[in-house]
Structure formats: C-alpha cells, structure tokens
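Residues per chain are reported as follows:
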Amino acid sequence: DTLHKLTGEMVHLYVFEGSQMVFVERSFDRARPNNVFTTVEASPCHSTGVGKAALAFQPPAVIDRVIALGLQRFTRNTIVAPEALRQELATIRARGYAIDDCEHEPDLRCVAAPIRNSAGRVFAAISVTGNTRRLEQHRTEDLAALVTSHARQISVQLGYQPDAPARKRRR
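Residues numbered from 1 in each chain as written. Predicted model: local features only at pLDDT ≥ 70, side-chain atom pairs only at ≥ 80, totals over all residues. Heavy atoms only, no water.

Quick look at the overall build of the chain
Now for step 1: When helices and strands are tallied, the chain shows 5 helices and 6 strands.
Now for step 2: The N-to-C order of helical and strand elements in the chain reads α-β-β-β-α-α-α-β-β-β-α.
Now for step 3: Residue pairs at least 24 apart in sequence account for 59% of intrachain contacts in the chain once pairs closer than 6 positions are excluded. (Helix = DSSP H or I, 4+ residues; strand = E, 2+ residues; numbered from the N terminus. Contact = heavy atoms within 4.5 Å.)

A few points about the nonpolar core
Now for step 1: F16, M21, C45, V50, L55, L85 and L89 are the most contacted members of the largest nonpolar core, which has 22 residues in total.
Now for step 2: The set of elements that each furnish at least two residues to this core consists of β1 (10–16), α2 (49–55), α3 (60–68), α4 (82–95) and β6 (122–131).
Now for step 3: In terms of nonpolar packing, the next biggest core, distinct from the first, is built from 15 residues, L3, I115, L143 and A151 among them. (Core = buried A, V, L, I, M, F, W, Y, C linked by side-chain atoms within 4.5 Å. Buried < 20%, exposed > 50% of the residue type's maximum accessible area, 1.4 Å probe, protein only.)

A look at α3
Now for step 1: Looking at α3, one finds that the buried residues are V62, I63, V66 and I67. Projected down its long axis, α3 shows its buried positions confined to an angular sector of 135°, all on one face. Residues of α3 that are exposed and point over 90 degrees away from its buried face: P60, A61 and A68.
Now for step 2: Count one or two residues on from α3 and you reach G70, which has phi positive near 105°. (Arc of directions from axis to C-beta.)

Concerning the environment of G130
Now for step 1: Along the chain, the position of G130 falls in strand β6.
Now for step 2: A relative accessible area of 0% places G130 in the buried class.
Now for step 3: Taking the C-alpha atoms as reference points, G130 and V11, 119 residues apart in sequence, are found 8.9 Å from one another.
Now for step 4: Excluding anything up to four places from it in sequence, G130 contacts E9, D107, L108, R109 and L135.

A word on the packing of aromatic side chains
Now for step 1: Applying the stated criterion across every chain yields a total of 1 aromatic pair.
Now for step 2: On the basis of an interplanar angle of 70° and a centroid distance of 5.7 Å, the ring pair of Y14 and F23 is categorised as edge-to-face.
Now for step 3: Among the residues examined, Y14 registers a relative accessible area of 6% and is labelled buried.
Now for step 4: One cation-aromatic arrangement involves R95 over Y97; the distance from NZ or CZ to the ring centre is 4.7 Å. (Phe/Tyr/Trp six-rings, centres within 6.5 Å; stacked < 30°, edge-to-face > 60°. Lys NZ or Arg CZ within 6 Å of the ring centre and 35° of its normal.)

Here's what the structure looks like:
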C-alpha cells in the first residue's frame, strides 16, 4: 500500500510457482478512472516484470525449464528468443530489477524487483504497473529505486539478511 501511495500506480505481488507467477495481492486506486485492471491468477515468467524479476535469480536448470516450455508472444515487444531472454535475465541480475515494457500487455509498463526468503532464495516479486502514458520510460529509474527498496524491506521482514555471508546449502 505504501508503494502504491508513493507512486500513484498499481502495485502487484506475485509468487514464483516454478514455471509461472501466481497472483497474491494488488493495490490500486479504485477511484482513478482509466485504470487498466486485468484479473489474472497466473502469468508467464518471460513476459512480465514480476516474472522476469523472479526468474532472473533462479538456478540455470529452472530457467532452462521455463524456456523449454515455450516463450509465447503476447505483444510485439515480448521476448521470444531463448538467448535474448537469457541476456535480459543477466541484465536484471546485474541491476537488481526488471522492466516489462509492453511485453505482456500493450500500453502497460512495469518495474519489478525480487523478494527473498530467510535463506536468500527469490520466491516472489513486487511491481509497480501503469499505463505507458503515465508511467513513462524516464520514470523507470526512480520507480526502480522505490520498488527495489520495498522488495528489500519485505525480504528483511521475512528474515532475509542482505549483509550476512552466503549460507552453504545442505545436501
């Protein structure tokens, strides 16, 4: 809700299900006219901000599995080439957030960041989503700072310790 109030845009929370993103929560201004609102229970990882934000931090085998399921085209901006998606995921890992620039729905832009559990594993993502007339490209960097900050705060509330040394995985 705080992120919605700061940005004036819709905020979505999704959980990574292994091959897709599952809807959890949405915050938006019900009084605002012309708000794009789509009810979705699950969405693909390769064409949404929340999906790419979560997928970028998954093991290579998971990324390969998602790609093997097929990269369906939703708009002319949808990434459908496997190597292009891998390159996009590397960029997301490096900068810490994802952008959906009309890749899943025309005229919708999203800025999303991963949420980590107490073990540091990315299991969800949060995004700010708006119509491209309101959420112009020059706003993405400022929105990214807000979204990543909120994602980090949520992660910390869930027990993630960003400054702690990486934990060794038990076999």
